[in-house]
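# Analysis of the macromolecular model
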Amino acid sequence: MAIIKSVNGLTPRWGRECYFSENAAIVGDVQMGDECSVWFNAVVRGDVAYIKIGDRTNIQDGAVVHVTHDTGPTIIGNDVSIGHNATVHACTIHDGALIGMGATVLDDAEIGEGAIVAAGALVLSRTKIGPHEIWGGVPAKFIKKTSPRQAEDFAAHYVAYSKWYLKEQES
């Protein structure tokens with residue numbers, strides 16, 4: 001069972017058919033929709049502001065989703081993939097976006113619908129990435145537009161993977 005922890009009277013909440021690995025940590029004011037997954041060693045910590053995550057979003061192995069007291073919450077839409085070892089901090093990520101492995105998205109950044117942040121990229125505070133754009137580098141800069149549904153379709157794979165693990169838990 002994942003680490004599910006209340007803090008200051010705030011307890012994580014989630015919808016149906018979510019999968020949380022045994023060593024995932026979900027803390028505080030976190031709200032998740034249906035069919036979300038939080039994978040091995042990932043941390044979703046809403047202790048000083050809230051985290052709101054839509055449906056079918058996956059937080060992959062070793063990723064960290066956190067907030068900032070003065071800046072505000074982290075808001076993540078539907079069908080979003082947060083890659084392995086990524087850090088997402090007090091920002092907004094719109095539906096269908098993909099945050100690549102090892103990428104960092106800092107406070108007040110906004111990632112547009114269907115956008116991709118490349119692996120290892122650093123999205124600086126207050127950066128606005130438009131819908132269906134690919135950004136990469138340190139600091140991240142615009143590279144090109146995405147192919148149709150390039151980012152959006154990726155999240156569906158993780159919904160399928162999570163079903164394998166949920167089935168094993170039932171056995």
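Residues numbered from 1 in each chain as written. Predicted model: local features only at pLDDT ≥ 70, side-chain atom pairs only at ≥ 80, totals over all residues. Heavy atoms only, no water.

## As for the overall build of the protein chain
Helices and strands together make up the secondary structure of the protein chain, namely one helix and 19 strands. Here the C-alpha radius of gyration of the protein chain, 15 Å, is about what a compact globule of 171 residues would show, namely 16 Å. Dimensions of the protein chain, computed from C-alpha atoms along their principal axes, come out at roughly 45 × 35 × 20 Å. Out of the 171 residues in the protein chain, the part that is buried amounts to 49%. Sequence separation of 24 or more characterises 14% of the internal contacts of the protein chain that already satisfy a separation of 6 or more. With an accessible surface of roughly 7900 Å², the protein chain has 54% of that area assigned to carbon and sulfur atoms. Side-chain charges of the protein chain comprise 14 positive and 20 negative groups, with the mean position of each set lying 3 Å from the other. (Helix = DSSP H or I, 4+ residues; strand = E, 2+ residues; numbered from the N terminus. Rg over C-alpha atoms; globule rule 2.2 N^0.38 Å. Buried < 20%, exposed > 50% of the residue type's maximum accessible area, 1.4 Å probe, protein only. Contact = heavy atoms within 4.5 Å. Areas by Shrake-Rupley, 256 points an atom, 1.4 Å probe, with all protein chains shown as cover. Lys, Arg positive; Asp, Glu negative; His and termini not counted. Charge placed at Lys NZ, Arg CZ, Asp CG, Glu CD.)

## Some points on the sheet that holds strand β12 (residues 98-99)
Taken together, eight strands build an open sheet; the order of strands is β2-β4-β6-β9-β12-β15-β18-β19 and the sheet is mixed. Each end of this open sheet is capped by a strand with a single partner; those strands are β2 (19-20) and β19 (141-145). Examined bridge by bridge, β12 and strand β15 (residues 116-117) share two bridges and lie parallel to one another. The residue bridging Ile99 from the neighbouring strand is Val117, located in β15. (Pairing = 2+ DSSP bridges.)

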